[in-house]
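Below are the chains, spelled out letter by letter.
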Amino acid sequence: MTRYKLTLEYDGTDLIGWQENRQGPSVQSIVKDAIEKFCGARVDVVGAGRTDAGVHAIAMTAHVDIAGEHSAETVMRALNFYLVNMPVSVLACEIVPDDFNARFDCAARHYKYVVLNRGASPVLQKNRVYWVARPLDVEAMRTAAKKLIGNHDFTSFRATQCQAKSPIKTLDRLEITQNGDEIIFEFSARSFLHHMVRNIVGTLIEIGHGKPYDIDKIFADKNRASAGPTAPACGLYFIRADY
């Protein structure tokens, strides 16, 4: 048995997310199917993150155990052969020690959220950005974002169905940049709560529209209703995992 580290790119538009279940196609199930076609066995695929339905990945790390001693190049070519015309692709593959774990060994996870801020709706970027037609005050959002960085109780920014044992997280980085009509939010942390990034973006967008949200009060309230709405999944991308 050999353990392989995979780097995956995927378009989550028509997927139910990372996790395999009976409700529809997932990243995990698609990769499992490709591996089964290659080696004849259905094995588990462990990812660095469990993205939701509609969320994309530029470079998601995963690991998988495959019987035999295939080269990393052989595994990558074989999986991509079976993934042709699927919304998932293997960008890189390498053999790693048997104790490597894509989820638990991850030292940092990086996400970006892309907002298209213009009057015209997206055509080429449909399902890949969050379209916000009304102008946003980027400086106001940046000022509020600074208060979110650091170690905090993010109860007000977690989904009600979040299963994390603690709402305490350390947000290492939150930067907002603007490139033409695109506003990009970049997040870095060891781990995130369920919907944490999307709830933060939704709140910052409300602030960008002049809504009187106060970050300190939101933290103090420890109540999801105190923060802004959840931004849609289509603008969210898993960028990479650090080890």
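Structure shown above.
Residues numbered from 1 in each chain as written. Predicted model: local features only at pLDDT ≥ 70, side-chain atom pairs only at ≥ 80, totals over all residues. Heavy atoms only, no water.

Peer 1: What exactly am I supposed to notice about the packing of aromatic side chains here?
Peer 2: Centre distance and the angle of the planes are the two values used to describe a pair of aromatic rings. Applying the stated criterion to the full structure yields eight aromatic pairs. Ring geometry for Y111 versus F192: centroids 5.2 Å apart, planes at 85°, classification edge-to-face. Highlighted residues: Y111 in strand β5 (residues 108-117) and F192 in the loop between β9 (182-189) and α4 (196-208), separated in sequence by 81 residues. On the basis of an interplanar angle of 85° and a centroid distance of 6.4 Å, the ring pair of Y113 and Y130 is categorised as edge-to-face. Here Y113, found in strand β5, pairs with Y130, found in strand β6 (residues 130-132); they are 17 residues apart in sequence, far enough to count as distant. In this structure Y113 comes out as buried when scored by relative accessible area, which is 0%. Positioned above the aromatic ring of Y237 is the side chain of K112, whose terminal nitrogen or guanidinium carbon lies 5.4 Å from the ring centre. (Phe/Tyr/Trp six-rings, centres within 6.5 Å; stacked < 30°, edge-to-face > 60°. Helix = DSSP H or I, 4+ residues; strand = E, 2+ residues; numbered from the N terminus. Buried < 20%, exposed > 50% of the residue type's maximum accessible area, 1.4 Å probe, protein only. Lys NZ or Arg CZ within 6 Å of the ring centre and 35° of its normal.)

Peer 1: Quick question: what am I supposed to make of the pattern of salt bridges here?
Peer 2: Charged atoms that come close allow side chains of opposite charge to pair. In this structure the tally under the stated criterion is 18 salt bridges. In this structure, D11 and R128 form a salt bridge, with 2.5 Å as the shortest nitrogen-oxygen distance. Of this pair, D11 sits in the loop between β1 (2-10) and α1 (27-39) while R128 is found in the loop between β5 and β6, placing the two residues 117 residues apart along the sequence. The class for R128 is partly exposed, based on a relative accessible area of 35%. (Salt bridge = Lys/Arg side-chain N within 4 Å of Asp/Glu carboxyl O.)

Peer 1: In this structure, what is going on with the pairing of β1? I would like to understand it.
Peer 2: A regular strand places its side chains on the two faces of the sheet in alternate fashion. Of all the nine residues making up β1, eight are buried; the element is thus mostly covered by neighbouring parts of the structure. Of the strand pairs in this sheet, β1 and strand β3 (residues 56-66) are connected by eight bridges, and their pairing is antiparallel. Following the sheet pairing, R3 is matched in β3 by D65. With eight bridges connecting them, β1 and strand β4 (residues 88-96) associate as antiparallel partners. The partner of Y4 across the bridge, within β4, is I95. (Pairing = 2+ DSSP bridges.)

Peer 1: What exactly am I supposed to notice about the packing of helix α3 (residues 138-146) against α4 here?
Peer 2: Two quantities define a packed helix pair, namely the angle between the helix axes and the distance between the axes. Packing of α3 against α4 leaves a shortest axis separation of 8 Å and a crossing angle of 135°. As the angle between them shows, α3 and α4 are arranged oblique. Between α3 and α4 the crossing geometry is right-handed. For the pair formed by α3 and α4, the contact residues are A140, M141, A144 and A145 on the first element and L204, I205, I207 and G208 on the second. (Axes fitted to C-alpha atoms, helices over the stretch in contact; angles between N-to-C directions. Parallel < 35°, antiparallel > 145°, perpendicular 65-115°, else oblique. Left-handed = near helix turned anticlockwise from the far one by under 90°. Contact = heavy atoms within 4.5 Å.)

Peer 1: Looking at this model, I keep getting lost on the layout of surface pockets. Mind explaining?
Peer 2: One number sums up the size of the largest pocket: a volume of about 1,100 Å³. Considering the residues around the largest pocket, the lining is formed by 37 residues, among which R50, R103, F192, L193 and H194 are closest to the centre. Elements that contribute at least two residues to the lining of the largest pocket include exactly β5, β8 (168-179) and α4. Of the residues forming the lining of the largest pocket, the biggest block, three residues, is contributed by α4. (1 Å grid on protein atoms, 1.4 Å probe; cavity = no way out; pocket = protein on both sides within 12 Å on 5 of 7 lines; lining within 4 Å. Points joined across faces, edges and corners; volume = space filled by probe spheres on them.)

Peer 1: Please explain α1 as it appears in this structure.
Peer 2: Side chains of residues three or four places apart in an α-helix project in the same direction, reflecting 3.6 residues per turn. With 13 residues, α1 extends 18 Å from end C-alpha to end C-alpha; this agrees with the ideal 18 Å at 1.5 Å per step. Of all the positions in α1, only V27, Q28, S29, I30, V31, K32, A34 and I35 are classed as buried. (Expected span 1.5 Å × (residues − 1).)

Peer 1: Explain the environment of I184 to me, please; I cannot follow it from the model alone.
Peer 2: Take I184: it is sitting in strand β9. Note on I184: relative accessible area 15%, which makes it buried. Each C-alpha atom of the pair I184 and L236 lies 10.0 Å from the other, and the pair is 52 residues apart in sequence. When near neighbours in sequence (up to four residues on either side) are disregarded, I184 contacts K112, Y113, V114, E175, I176 and T177.

Peer 1: Looking at this structure, I do not really get unusual backbone geometry. What am I missing?
Peer 2: Backbone geometry follows two general trends: most residues other than glycine have a negative phi, and most peptide bonds adopt the trans configuration. Here the phi dihedral of N85 falls at roughly 70°; this positive angle occurs in a residue that is not glycine. Following the sequence through the fold, N85 ends up in the loop between α2 (72-82) and β4. Note on N85: relative accessible area 78%, which makes it exposed. Phi is positive for K222, close to 50°, though the residue is something other than glycine. Within the fold, K222 resides in the loop between α5 (215-221) and β10 (236-242).

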